[in-house]
Structures are given as C-alpha cells and as structure tokens.
Amino acid sequence: MHPAVHSHAAPPPPGEASLRSLGRLFPYLWEFRARVLLALALLVGLGTRFFSLALFTLTIVAIASVHWPENWSSLAELAQGYALTDRGFGNYKLPLIFLVMLWPLMLSGAGRL
C-alpha cells in the first residue's frame, strides 16, 4: 500500500465537526440569548430598572470587547468608529444608541400606566 493512505486520519463523525464549531460559537450564543431574554423582560415590563441595568452592562462589555477599535492614536481616529460599518476603526454607533435608550429606563423605570 501507498504510505499516504496510512497517514490520513479517518474523517470525524458527522455530528462531531458541528460540535466543535458550536464550541467556538458558545460565547456569542450566550450573549445573544442574554440580550433576547433581557429585551423580552423589558418588553413585558418585568424589573425594568434591573433588566435595563443588565442590558446596559452587557452593551458596555460588547463595546469594549467587539465594537471598540483595537488600536487608535487620536480622537479623530476614534470618531471614525461612530459608524455602522467596520473599516478598521470599530463600529460602536448602534451600541451607543442602545446605551442612550437604556439610560432613562435605568434612572426612572417604566413609568406609570
């Protein structure tokens, strides 16, 4: 037999490859689930101040870890990240809008009906 035949490992079972890719996506899935559940709680009106604070904190973490530019040397470069596109300067416009929206909910709650 040819030596190349023995050097190749058998392909992984069909479900194993997808489990490996799911392991890489787990932090993103967790964050997505948290955002959806917190937003649903706000929509229903449960614990408005608490859940808006939780979403505010989650958004700040997302800005710091994903949306903020990795390297910037001036405020002009940082201001270029105030966009919905990512051209190497970050893209923190939409999360900043979320923070502005959540701020009054944290301070005053849902309000009266």
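Residues numbered from 1 in each chain as written. Predicted model: local features only at pLDDT ≥ 70, side-chain atom pairs only at ≥ 80, totals over all residues. Heavy atoms only, no water.

Q: Describe the nonpolar core, with residues and values.
A: Leu 38, Leu 42, Leu 55, Phe 56, Ile 63, Leu 78, Tyr 92, Leu 99, Leu 102 and Met 106 form the largest nonpolar core, which has 10 residues in total. Breaking this core down by element, the ones donating at least two residues are helix H2 (14-44), helix H3 (48-67) and helix H5 (93-108). Leaving out residues up to four positions away in the same chain, Ile 63 has contacts with Trp 68, Tyr 92, Pro 95, Leu 96 and Leu 99. (Core = buried A, V, L, I, M, F, W, Y, C linked by side-chain atoms within 4.5 Å. Buried < 20%, exposed > 50% of the residue type's maximum accessible area, 1.4 Å probe, protein only. Helix = DSSP H or I, 4+ residues; strand = E, 2+ residues; numbered from the N terminus. Contact = heavy atoms within 4.5 Å.)

Q: Explain the environment of Phe 50 to me, and be specific about the residues and the numbers.
A: Along the chain, Phe 50 falls in helix H3. Along the sequence, Phe 50 and Gly 109 sit 59 residues apart, while their C-alpha atoms lie 8.9 Å from each other.

Q: Give a description of H5 that names residues and reports values.
A: For H5, with 16 residues, the first-to-last C-alpha span of 24 Å sits near the 22 Å given by 1.5 Å per residue. Roughly 25° is the biggest bend found in H5, and it falls at Leu 102, with proline Pro 104 one to four residues downstream. What H5 keeps buried is the set Pro 95, Leu 99, Leu 102 and Met 106. A positive phi of about 80° marks Gly 109, the residue just after H5. (Expected span 1.5 Å × (residues − 1). Bend = angle between axes of the 7 residues up to and from the residue.)

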